[in-house]
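Architecture at a glance
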Protein chains: 2
Amino acid sequence: MKFRIARTALTEAVSQVSKAVSTKTTVPILTGIKATVDEEGLWLTGSNSDLTIQVCIPIRKDDKEQVKVDRMGSVVLPGRIFSDIVRKLPGDEIDWDVDERWKTVLCSEQAQFELKGLDPEEYPRLPEFHEERMFSLPADLLKSMIRQTGFAVSSAEARGVLTGVLWKMESGRLTCVATDSHRLSRRQADVEAPEDFSIENVVVPGKSLSELGKILADQSDWVDVILSENQILVRANRLLFFSRLLDGTYPDTNRVIPDGGKTEIRVSTKEILQSVDRAALISRDGRDNVIKWTVKEEGLIQVQSTAQDVGSVMEEVRAQVKGEELSLSFNAQYMLDALRAVDSEEIQILLTGTMTPFLIQPADREDALHLIVPIRTR
Amino acid sequence: MKFRIARTALTEAVSQVSKAVSTKTTVPILTGIKATVDEEGLWLTGSNSDLTIQVCIPIRKDDKEQVKVDRMGSVVLPGRIFSDIVRKLPGDEIDWDVDERWKTVLCSEQAQFELKGLDPEEYPRLPEFHEERMFSLPADLLKSMIRQTGFAVSSAEARGVLTGVLWKMESGRLTCVATDSHRLSRRQADVEAPEDFSIENVVVPGKSLSELGKILADQSDWVDVILSENQILVRANRLLFFSRLLDGTYPDTNRVIPDGGKTEIRVSTKEILQSVDRAALISRDGRDNVIKWTVKEEGLIQVQSTAQDVGSVMEEVRAQVKGEELSLSFNAQYMLDALRAVDSEEIQILLTGTMTPFLIQPADREDALHLIVPIRTR
């Protein structure tokens, strides 16, 4: 294996696959990055067994030669040090030379590194996919679906499927749902899929989605999503993102979402967010991080919190209120997460009672909702 | 205590004193910020018993009223939460109202916080100083003296005086010295002091200096340095910085600094720094973080490092070499710290042998030097 490569292209690709590279040494070879050079270009792969990212640097880009191949081949290099070296090498180009024992020499101007490589045959193979079970959507849309649901998964490993986001599809409409049983977030969108294509009970680990969100930050085109029995593949421009799926049946969440309420509120997202954010300064020092809302008929939400040893906060936010006056308490962090996920200027809140779940939705669209279960206070 | 204050001025002052506020709760009142309003303005104090920062927000600044006092007084408020509240309050002005039990109400537009304050009489008093033992220097100069020596102190609590920087003065020349016994850094400068004023064995804790460096980032005027038996006071514009001094006698370091050598080298600071920085990627995975230099008569420094399980690096940097060819090994981090502290474009290196301390100095000035003790390698 012998080739020359443009350093900036390599730096970018290495930083992408590094997001998947294992930091634990349970499977030593997974702390490495696999590099393969063939007639298409240089392929880099990083994996932590839950998720795998593969990136290709093509031979040519915009008519400029990025990879000049002398001898094709493959090697696994230690991930962290390799990525640091690539970032700090002095020149614009790097010469690679890998011998039959995977000893790898990286040269750039006056600097020469020699790294002990590993046998690429020992690196796990990528899962196989068939393109039948596939749909497509814009990268930006996928990114916002992840951002608006991913925070609501359970962070307790023991909660099984609840640590993932449920993906469902029917008649070309994709639904993502996440819940930790104290709150729930749901986002829907139309995607491009074969007419009779449907999916149910596909549960993607929350951690994988949070890495996918970061990876998609650089993408603006459409992406393909391809499913197999226990894996999901997201295919973007010169980038493959694989994640295992979670085992188990996701609970039916439809019945917990109320379709009417006692009190309807419309309020500025920014004003209520800033007010809850300030009240959280007090609640975080109290028990259970609790904030209380009292909704007044004359068009006010009173936001309050008290922490015994610290003090208290009280402020009022103007709102349009229809229906009964009501007060209820909830976890400040759940509310902040939900409000931060809303892109619209106004939200609509539907209260169903002091102790029953309430809904938060953007006022101008129906494809997103957040549900929070109130907290009983003394 | 009752007054109104401009929020931006308060935010800035709070962030300055917060650098000293204790995060440990061994002395509970020190987790608070003391606020006192008098005819000069609002005084804020933060302290962790080793160091204390006091800032004044004057009644008027540039002809604008910043503090409008209704009733003078004093209170101690919980530091972390108070500083978060000030940062997040909605309005441009904050109304304070403190009652006789130190219950404090902070109001800004629609938001109202009530905090449990503490009795300011329980807050430790500031140390006393007499202005006889005083000298002055520009804030920028003090900042660079701290930056160019502070990194060389010992980080091991048990090393006593070596965890601090020695300040000496004779005939108006201030010398700062720090050493952890494997390396030493020294910086000298002329300051404004009474003719017969001298100091010796004043040892300022490294941690205090690193906070002082951050505080001085905002200062561009001259500062006064005032000494007492066991405290140092740095007085800048509307800011007082107190630190305790370390007990014990600082060792005599003059005898370890060589005044001639076998080999003299001149080299670009940037080139040798980048080269050592790259080599450190390999050395950090090896034993003792060792890099080897081989100095060649024809005008080269070979920079090398090997880590058994990882690989090796080798590069060459052009240099002017006078004297014997020599090779020596040293701790990569010590070298990086020293090279990063040099502001000049070229450095001069004076080697005295393979196992004896060597000197690094800016090529264009004599007021700064760094000494490193080589490592014996197999």
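Values in this document were obtained by computation on a predicted structure and should not be read as measured data. (Residues numbered from 1 in each chain as written. Chains lettered and ligands numbered in written order. Predicted model: local features only at pLDDT ≥ 70, side-chain atom pairs only at ≥ 80, totals over all residues. Heavy atoms only, no water.)

We now examine the sheet that holds strand β2 (residues 32-37) of chain A. Residue and element names in this part refer to chain A. One open sheet holds the eight strands; their spatial order is β8-β2-β3-β4-β19-β18-β17-β12, and the pairing between them is antiparallel. Strands with a single pairing partner mark the edges of an open sheet, and in this sheet they are β8 (73-78) and β12 (134-138). Taking each pair of neighbouring strands and ignoring which way they run, the sheet shows an average axis angle of 20°. In the sheet, strand β4 (residues 51-58) pairs with strand β19 (residues 239-244) via five bridges, with the strands oriented antiparallel. The residue of β19 that forms the bridge with Thr52 is Phe242. The sheet contacts of helix α1 (residues 7-18) involve β2, β3 (41-47), β4 and β19, and relative to β4 the element is tilted by about 170°. (Pairing = 2+ DSSP bridges. Helix = DSSP H or I, 4+ residues; strand = E, 2+ residues; numbered from the N terminus. Axes fitted to C-alpha atoms, helices over the stretch in contact; angles between N-to-C directions. Contact = heavy atoms within 4.5 Å.)

It takes a turn of 180° to lay chain A on chain B, together with a shift of 0.0 Å along the axis; the resulting RMSD is 0.0 Å. One copy is carried onto the other by what is essentially a two-fold rotation axis. Across chain A, the rotation axis passes nearest the C-alpha of Thr23 of chain A, at a separation of 16 Å. (Least-squares fit on C-alpha atoms with pLDDT ≥ 70 in both.)

Here the focus is the interface of chain A and chain B. Taken residue by residue, the interface counts 29 residues in chain A and 29 residues in chain B. Summed over both partners, the interface of chain A with chain B buries about 2700 Å², with 51% contributed by carbon and sulfur atoms. One can count six salt bridges joining chain A with chain B. Here Arg80 of chain A ties to Asp285 of chain B by a salt bridge, and the two come within 3.1 Å at their closest N and O atoms. In this structure, the connection of chain A to chain B is made through 16 residue pairs in polar contact (both at pLDDT 80 or more). Those elements that place two or more of their residues in the side of chain A that touches chain B are α2 (79-88), β11 (111-116), α5 (269-283) and β23 (311-318) of chain A. Relative to strand β23 (residues 311-318) of chain B, β11 of chain A runs antiparallel, the two sharing five bridges. What sits directly across from Gln112 of chain A, in β23 of chain B, is Met314 of chain B. (Buried area = accessible area lost by both parts, 1.4 Å probe. Salt bridge = Lys/Arg side-chain N within 4 Å of Asp/Glu carboxyl O. Polar contact = N/O pair within 3.5 Å; in protein donor to acceptor, adjacent residues only side chain to side chain.)

Bringing the UniProt feature "domain: DNA polymerase III beta sliding clamp C-terminal" (unreviewed entry) in chain A into the picture now. The sites that UniProt annotates as "domain: DNA polymerase III beta sliding clamp C-terminal" (unreviewed entry) are residues 255-376 of chain A. Across residues 255-376 of chain A, helical content stands at 20% and strand content at 45%; the span's end C-alpha atoms are separated by 22 Å. (UniProt positions renumbered as here; feature names shortened; annotations may be inferred.)

This brings us to the sheet that holds strand β25 (residues 326-331) of chain A. The nine strands are arranged β25(A)-β21(A)-β22(A)-β23(A)-β11(B)-β10(B)-β9(B)-β1(B)-β7(B) in an open sheet whose pairing can be described as antiparallel. Only two strands of the sheet have a single partner each, and these edge strands are β25 of chain A together with β7 (67-71) of chain B. Neighbouring strand axes in the sheet, compared pairwise and without regard to direction, differ in orientation by 15° on average. Inspection of the sheet shows strand β10 (residues 103-108) of chain B paired to strand β11 (residues 111-116) of chain B by six bridges, in the antiparallel sense. In the sheet register, Lys103 of chain B faces β11 of chain B, and the bridge partner there is Lys116 of chain B. In this fold helix α6 (residues 332-340) of chain A packs onto β21 (290-296) and β25 of chain A, with an angle of close to 90° to the strand it touches most, β25 of chain A. Across the sheet, helix α1 (residues 7-18) of chain B lies against β1 (2-6) and β9 (93-98) of chain B, angled at about 90° from β1 of chain B, the strand it touches most.

A word on α1 of chain A. Here α1 of chain A is 12 residues long and its end C-alpha atoms lie 16 Å apart, about the 16 Å a rise of 1.5 Å per residue gives. Of the residues making up α1 of chain A, those classed as buried are Arg7, Ala9, Leu10, Ala13, Val14, Gln16 and Val17 of chain A. (Expected span 1.5 Å × (residues − 1). Buried < 20%, exposed > 50% of the residue type's maximum accessible area, 1.4 Å probe, protein only.)

Next up on the list: the UniProt feature "domain: DNA polymerase III beta sliding clamp N-terminal" (unreviewed entry) in chain A. Mapped onto this structure's residue numbering, the UniProt feature "domain: DNA polymerase III beta sliding clamp N-terminal" (unreviewed entry) falls at residues 1-127 of chain A. Between the end C-alpha atoms of residues 1-127 of chain A the distance is 25 Å, and the span holds 17% helix and 46% strand.

Turning to a negative patch on the surface, a few remarks are in order. Residue and element names in this part refer to chain A. A cluster of acidic residues, Glu297, Glu298, Glu316 and Glu325, forms a negative patch at the surface. The residue Glu325 is located in the loop between β24 (320-323) and β25 in this model. The exposure class of Glu325 is partly exposed, given its relative accessible area of 39%. (Patch = residues over 30% accessible without salt bridge, like charges linked within 9 Å, V, L, I, M, F, W, Y side chains within 5 Å. Areas by Shrake-Rupley, 256 points an atom, 1.4 Å probe, with all protein chains shown as cover. Lys, Arg positive; Asp, Glu negative; His and termini not counted. Charge placed at Lys NZ, Arg CZ, Asp CG, Glu CD.)

Residues and elements named next belong to chain B. Closest axis-to-axis distance for the helix α3 (residues 139-147)/helix α4 (residues 206-216) pair is 9 Å, and the angle between their directions is 145°. Considering how the two elements wind past one another, α3 and α4 form a crossing that is left-handed. For the pair formed by α3 and α4, the contact residues are Ala139, Leu142, Lys143 and Ile146 on the first element and Leu209, Leu212, Gly213 and Leu216 on the second. Split by residue class, the contact of α3 with α4 holds six nonpolar, one polar and one charged. (Left-handed = near helix turned anticlockwise from the far one by under 90°. Nonpolar A, V, L, I, M, F, W, Y, C, P; charged D, E, K, R; others polar.)

Residue and element names in this part refer to chain B. Between its terminal C-alpha atoms helix α5 (residues 269-283) stretches 20 Å, which fits the 21 Å expected from 15 residues at 1.5 Å a residue. Judged by how many residues are buried, α5 sits mostly within the fold: 12 of 15 residues are covered. Of all the positions in α5, only Thr269, Ile272, Leu273, Ser275, Val276, Asp277, Arg278, Ala279, Ala280, Leu281, Ile282 and Ser283 are classed as buried.

Residues and elements named next belong to chain A. Inspection of the secondary structure assignment puts Ala363 in the loop between β27 (358-362) and β28 (368-372). Measuring from C-alpha to C-alpha, the distance between Ala363 and Ala13 comes to 40 Å, with 350 residues separating the pair along the chain. What Ala363 contacts, discounting residues up to four positions off in sequence, is Arg266, Glu346, Ile347 and Gln348.

Okay, the domain arrangement of chain A next. Residue and element names in this part refer to chain A. Domain boundaries assigned for chain A yield domain 1 (2-122), domain 2 (135-172 + 192-250) and domain 3 (257-372). On a C-alpha basis, the centroid separation for the pair domain 1 and domain 2 is 27 Å. Taken residue by residue, the interface counts 10 residues in domain 1 and 13 residues in domain 2. A combined buried area of about 1200 Å² lies between domain 1 and domain 2, and 55% of that area is made up of carbon and sulfur atoms. Considering only the surface of domain 1 that becomes buried against domain 2, Lys19, Asp50 and Leu51 emerge as the three largest contributors, covering 40% of it. Applying the counting rule to domain 1 against domain 2 returns one salt bridge. Measuring nitrogen to oxygen at the nearest pair gives 2.5 Å for the salt bridge that ties Arg244 to Asp50. Applying the counting rule to domain 1 against domain 2 returns four residue pairs in polar contact (both at pLDDT 80 or more). Take the side of domain 1 that touches domain 2: its biggest share by element is seven residues, from β4. Considering only residue class, the side of domain 1 that touches domain 2 consists of five nonpolar, three polar and two charged. (Domains from an automatic or database assignment.)

This next bit is on the packing of aromatic side chains. All names here are of chain A. Tallying each qualifying case throughout the model produces 12 aromatic pairs over all chains. Arranged with centres 5.4 Å apart and planes meeting at 80°, the rings of Phe82 and Trp96 form a pair that is edge-to-face. With a gap of 14 residues between them, Phe82 in helix α2 and Trp96 in strand β9 (residues 93-98) connect regions that are remote in the sequence. For the pair formed by Phe82 and Trp96, the shared burial category is buried. Members of the aromatic cluster, connected to one another through ring pairs, are Phe3, Phe82 and Trp96. (Phe/Tyr/Trp six-rings, centres within 6.5 Å; stacked < 30°, edge-to-face > 60°.)

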